[in-house]
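If you want the building blocks of each chain, they are given just below.
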Amino acid sequence: MPRDTPYGYGDQLYRVEEASTDIGREADVWVRPESDVHSWSWAKKVHRSREAWVLMEDSQGPVALWTSEKGLITLVEGQFYRLDHIELRPDRRGSGLGFLVLALIACRALELNAIGVVLRCIPALRAFYETAGGEARTPKGWNVPYPGMLAFTFPEAVLRSLKATADEHLDQEEDQERV
Amino acid sequence: MSTSIRKKTKSAFDQMAEKAGPLPTAVLAQTYLERPISTQAEGVARALLGELSADDDDRRARLARAVEQLVVADRKMHEAAPSAKRRSHG
């Protein structure tokens, strides 16, 4: 997952960085619609997670955050990257940006040699994850204490496919300008 | 100054977004539900009761609003995941 080369999407450039608690505080004051289910502090999540990442939009600040409290978890099938919380800035909803973020998560999982990504979400997001290639299943050995939530697994082949699509968005212009 | 023009062709991510349709929330995944807010609301409610004897209408109103907000957030969270009751490990 390149930290130096930005991703171009639409008319904007985006960079992925490790999130700080200050970034978390910025996300904590995003204006959210009342229908959004959001009950945590990003600043606290960033502080206590093994890793936290942010997608920064040039001149616009953070537009998406994700955390993995444990990073890799070992299950029967192998090591999975456990995605715990992810949110797109509400005013960026409706574009394909959420899929770009998911692809960056795939990049990060592959970087850690994970064989897949696991997550849980509300059932209304099924179409989002299925469209991205996820399988609505729980990998063997992973507890599902929340029957109201839907578990998704992204196998390694899907991660590679998402990464390939993300790589198409790597913006080489800056490099060319520096030459 | 850059002389290149960023590609305007439709990305695979755009196509995915069209296929998936509108998202109901900006929260894409929430693997772990937080401690039920009702527990926190209960704590705030107790604090509110403690404050009721104080002659401070403004403070009482603010505390009442805080409790109300917590209860609403709690309801929304459990509507999204009605069977969610506890944290797990793994």
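Here, every reference points to the structure presented above.
No experiment lies behind these values; they were computed from the predicted model shown.

Asks: Whenever I open this one, the sheet that holds strand β1 (residues 7-9) of chain A confuses me. Can you help?
Replies: One key point about sheets: their strands pair by backbone hydrogen bonds, in either a parallel or an antiparallel sense. In spatial order, the strands read β1(A)-β2(A)-β3(A)-β4(A)-β7(A)-β1(B); together these six strands make up an open sheet with antiparallel pairing. A strand with exactly one partner marks an edge of an open sheet, and here the two such strands are β1 of chain A together with β1 (27-30) of chain B. Across the sheet, the axes of successive neighbouring strands diverge by a mean angle of 20°, strand direction being ignored. As paired elements, strand β7 (residues 85-88) of chain A and β1 of chain B share three bridges and run antiparallel to each other. Considered in β1 of chain B, the bridge of I86 of chain A is made with A29 of chain B. Packing against the sheet, helix α3 (residues 97-111) of chain A makes contact with β1, β2 (12-18), β3 (51-57), β4 (61-68) and β7 of chain A together with β1 of chain B, and its axis sits at approximately 45° to β4 of chain A.

Asks: Sorry if this is basic, but what is going on with the packing of α3 of chain A against helix α5 (residues 156-168) of chain A here?
Replies: The description of two helices packed together rests on the angle between their axes and the distance between the axes. All names here are of chain A. As a packed pair, α3 and α5 sit with axes 8 Å apart at the nearest point and diverge in direction by 120°. With respect to α5, the element α3 is oriented oblique. As α3 packs across α5, the resulting crossing turns out to be left-handed. In this structure, α3 contributes L100, L102, A103, L104, A106, C107, A109 and L110 to the contact, and α5 contributes L159, R160, L162, K163, T165 and A166.

Asks: Which parts of the structure should I look at to understand the sheet that holds strand β5 (residues 72-75) of chain A?
Replies: Residue and element names in this part refer to chain A. Taken in spatial order, the four strands make up an open sheet running β5-β6-β8-β9, and their pairing is mixed. Both outer strands of the open sheet, β5 and β9 (150-155), are each paired with one neighbouring strand and no more. Strand-to-strand twist of the sheet, defined as the mean angle between neighbouring strand axes without regard to direction, takes the value 35°. Looking at chain direction, strand β8 (residues 116-121) and β9 are connected through six bridges and run antiparallel.

Criteria and thresholds
Residues numbered from 1 in each chain as written. Chains lettered and ligands numbered in written order. Predicted model: local features only at pLDDT ≥ 70, side-chain atom pairs only at ≥ 80, totals over all residues. Pairing = 2+ DSSP bridges. Helix = DSSP H or I, 4+ residues; strand = E, 2+ residues; numbered from the N terminus. Axes fitted to C-alpha atoms, helices over the stretch in contact; angles between N-to-C directions. Contact = placed C-beta atoms within 7 Å. Parallel < 35°, antiparallel > 145°, perpendicular 65-115°, else oblique. Left-handed = near helix turned anticlockwise from the far one by under 90°.

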